[in-house]
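Listed below are the residues making up each chain.
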Amino acid sequence: MASSHPHSSEAIRGAKVLMVGAGGIGCELLKTLALSGFRDIHIIDMDTIEVSNLNRQFLFRQSHVGQSKAKVARDAVLKFRPHINIKPYHANVKDPEFDVDFFKQFNVVLNGLDNLDARRHVNRLCLAANVPLVESGTTGFLGQVTVHVKGKTECYECQPKPAPKTYPVCTITSTPSKFVHCIVWAKDLLFAKLFGDKNQDNDLNVRSSDAASSSENVEDVFVRRNDEDIEQYGRKIFDHVFGYNIELALSNEETWKNRNRPKPIYSKDVLSDELAKLNGNIDKNCAFDDEFSVSAMASLGMKNPQDIWSLKENSRIFLEALRLFFTQRGKDVGNLTFDKDDQLAVEFVTAAANIRAASFGIPLYSLFEAKGIAGNIVHAVATTNAVIAGLIVIETIKVLQNDIESYRMTYCLEHPSRKMLLMPVEPFEPNKSCYVCSETPLTLEINTKRSKLKDFVEKIVKAKLGMNLPLIMNSSNLLYEADAEDDMVAIYAANLEKVLAELPSPVTGGTMLRVEDMHQEFGCNVNIKHREEFDEEKEPDGMVLSGWTKHVSAPENKDKPAANNGASTSEASVPAAESDEVTIVSPSKKRKLTDDSGIPNAPAGEARNHQDELQVIDDEDDLVMLEGSMEGFKKRKLS
């Protein structure tokens, strides 16, 4: 144990530690640090406490809902460790005040974050400040702790992270085949169209059946007429999205040659006129404590969120939820975005997704299951957070003692592998192909004659490279700067709207762009390769970034343990993320260390087959399941 080292107590007492995140892992970690003797702890967290946090973030109580997580966590721990220093920051770690100089004051940084963007940002600041980083994540019964020390171990970004799951618009709007497609349609298209910003682009068909044959004064069916009561309006929307739009899709015979044809659903076929008039009348006058407690289920006398509603029940919930939004929360309509903690929003999305699923012959889901999909939730396990927090502290003590030989990446499994639930692995060396810590140039395939500079900024620089305040240069010519002087803002804004090949300093095939983020003190080079066409289904961004490589595969495993090492198909069957989570990826995602490590490469087909057996349950971070004898994972000692 690291704590048995004679100098460990001194190292702990003198350490200045930065924690980023005060959620599921953060609460356990702060408690464990305090009880382990750490005396100077700083916490950054921008979130406030929500009711859904209370089942596992044990430092918080009902009375704390709405308050700063960082500040409440500090107050709770000081009650049993009053003589230590805990400084909370209710702020975003990406705020300018948390720059490289800020990070340099700490001996170690401990991450308990819930999103990839912030993790990458902290990784880069730690590299620039030369401060060790202990990274972590949990999802359900699975978890991991990894140590990242500049020049000694791989950085957090040495391995490409799985891209967030996206779906082509045509699949969502016309040919759904999975329930998650129906959820995305209900949440991102229908909910947004009815209750969100009316000026946002939306791919839903808004033409009514009456206006379909005429191009003059095309009616937007989603606009409520002055003489239209809410029940009439609700039925109109129902019939349009579940009836008329489906009939419109069926008119394209080519689409359905090799697909099951959907069935249009109209309100009159599901709800009798008499029942529709009664809809919501069971308890129309029931009082709600606040806007987030407004509930169509309560209004209709339905109680169990784990029941799978019938088509009729989904239709009633749909119409009642729509009515309640306009009658009980009318002031919010036009400004709403989906929130998994908004009961009425979850009810509406569940009902809408289920009705669409019924139309396309897709199995229906309960509200409980649909909420998990729509809110990207993997239901957290407090015990896993506690285990991971303990492992973080163990690795932190090793880092403070500079005990490089003892560093371990530790994986917490759901089912024993070789009689082990905790699997420690020696850290990997820095990836020489990593564009973050090794500054390897990247290659971008893009149509320079069609794509605009703003496409490059949004889809590559921000989304893929994780830069927040980018600066882009072509040779010595500055094309764009996010944090520009006032007199240059208009010039850079104009550049954003220009096609790459038509910029003042044209970007064409063979151009090398320099991209930097001064806040992160990070930069990289991007080689531009012109390409005319892209596969809309497989390459929806219309550009492909490469050169960010994994130089080895995982060892071949012949003794496959049971139960997929915890990749349970019952826990999550779609992308999900709730807090402090990780993605399950195949062992082939993990690089082999070096050619002389004595570990053979797995055949490509075998690796691919194995990858198919593991399910992605979150798109934020990666959990690499290592199988077989631990001997296969020994690597040469880090220097």
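Just so you know, these numbers come straight off a predicted model, no measurement behind them.

1. Here's the deal with a negative patch on the surface
On the surface, a cluster of negative charge is made up of Asp483, Glu485, Asp486 and Asp487. Locating Asp483 in the fold gives a position in the loop between β11 (477–481) and α17 (486–496). A relative accessible area of 56% places Asp483 in the exposed class.

2. Things to note about the packing of helix α8 (residues 230–250) against helix α13 (residues 343–359)
The N-to-C vectors of α8 and α13 enclose an angle of 20°; their axes lie 11 Å apart at closest approach. The angle between α8 and α13 falls in the class roughly parallel. You can see that α8 and α13 cross each other, and the crossing is right-handed. Here α8 contributes Phe238, Phe242 and Ile246 to the contact with α13, which in turn contributes Ala352, Ile355, Arg356 and Ser359.

3. Observations concerning the packing of helix α2 (residues 24–35) against helix α3 (residues 69–78)
Between α2 and α3, whose axes approach to 10 Å, the crossing angle comes to 35°. Where α2 crosses over α3, the two elements pack in a sense that is right-handed. Facing α2, whose interface residues are Leu30, Lys31 and Ala34, α3 presents Ala73, Arg74 and Val77. Classifying every residue of the contact of α2 with α3 gives 4 nonpolar, no polar and 2 charged.

4. Remarks on the pattern of salt bridges
Scanning the model with the defined rule gives 26 salt bridges in all. Between Arg124 and Glu157 there is a salt bridge whose closest N-O contact spans 2.8 Å. A residue pair is termed long-range when its members are at least 10 positions apart, and Arg124 in helix α5 (residues 116–129) and Glu157 in the loop between β6 (142–148) and α6 (169–173) qualify at 33 residues. When the shortest N-O distance is used, the salt bridge between Arg531 and Glu445 registers 3.2 Å. Taken together, the positions of Arg531 in the loop between β13 (522–530) and β14 (543–546) and Glu445 in strand β9 (residues 442–446) put the pair 86 residues apart, joining distant regions of the chain. A single salt-bridge network, built from bridges that share partners, covers Arg225, Asp227, Glu228 and Lys236.

5. Remarks on a nonpolar patch on the surface
Side chains of Val387, Leu421 and Leu422 sit close together on the surface and give an oily, nonpolar patch of about 210 Å² of accessible area. Mapped onto the elements, Leu421 comes out in strand β8 (residues 420–425).

6. As for the nonpolar core
Residues Trp185, Leu190, Phe318 and Phe348 are the most contacted members of the largest nonpolar core, which totals 60 residues. For this core, the element with the highest residue contribution is helix α7 (residues 179–195), accounting for 12 residues. Trp185 has contacts with Ile172, Thr173, Leu190, Leu204, Val241, Phe242, Ala352 and Arg356, leaving out every residue within four places of it along the chain. In this structure, Leu30, Val77, Leu391 and Ile404 belong to the second largest nonpolar core, which totals 41 residues.

7. A look at α13
Each α-helix turn comprises 3.6 residues. Residues three or four places apart therefore point the same way. With 17 residues, α13 extends 25 Å between its outermost C-alpha atoms, agreeing within 8% with the 24 Å of an ideal straight helix rising 1.5 Å per residue. Burial within α13 is extensive, with 15 of its 17 residues counted as buried. Measuring from the backbone nitrogen of Leu344 back to the side-chain oxygen at the start of α13 gives 3.3 Å, which picks out Asp342 as the cap. One or two steps after α13, the chain reaches Gly361, where phi turns positive at roughly 70°.

8. Thoughts on the pairing of strand β3 (residues 85–89)
As paired elements, strand β2 (residues 40–44) and β3 share 5 bridges and run parallel to each other. The residue bridging Ile43 from the neighbouring strand is Pro88, located in β3. On the question of chirality, the crossover connecting β2 to the parallel β3 by way of α3 is right-handed.

9. Things to note about the sheet that holds β9
Sheet architecture is open: 6 strands sit in the order β11-β10-β12-β13-β9-β14, paired in mixed fashion. Edge strands, defined here as strands with exactly one partner in the open sheet, are β11 and β14. Going across the sheet, the axis of each strand differs from the next one's by a mean of 25°, ignoring polarity. Sheet analysis places strand β12 (residues 512–517) next to β13, joined by 6 bridges and oriented antiparallel. Bridge pairing in β13 places Val515 opposite Cys524.

Cut-offs and rules
Residues numbered from 1 in each chain as written. Predicted model: local features only at pLDDT ≥ 70, side-chain atom pairs only at ≥ 80, totals over all residues. Heavy atoms only, no water. Patch = residues over 30% accessible without salt bridge, like charges linked within 9 Å, V, L, I, M, F, W, Y side chains within 5 Å. Areas by Shrake-Rupley, 256 points an atom, 1.4 Å probe, with all protein chains shown as cover. Salt bridge = Lys/Arg side-chain N within 4 Å of Asp/Glu carboxyl O. Lys, Arg positive; Asp, Glu negative; His and termini not counted. Charge placed at Lys NZ, Arg CZ, Asp CG, Glu CD. Helix = DSSP H or I, 4+ residues; strand = E, 2+ residues; numbered from the N terminus. Buried < 20%, exposed > 50% of the residue type's maximum accessible area, 1.4 Å probe, protein only. Axes fitted to C-alpha atoms, helices over the stretch in contact; angles between N-to-C directions. Parallel < 35°, antiparallel > 145°, perpendicular 65-115°, else oblique. Left-handed = near helix turned anticlockwise from the far one by under 90°. Contact = heavy atoms within 4.5 Å. Nonpolar A, V, L, I, M, F, W, Y, C, P; charged D, E, K, R; others polar. Core = buried A, V, L, I, M, F, W, Y, C linked by side-chain atoms within 4.5 Å. Expected span 1.5 Å × (residues − 1). Polar contact = N/O pair within 3.5 Å; in protein donor to acceptor, adjacent residues only side chain to side chain. Pairing = 2+ DSSP bridges. Right-handed = clockwise from strand over helix to strand, strands pointing away.

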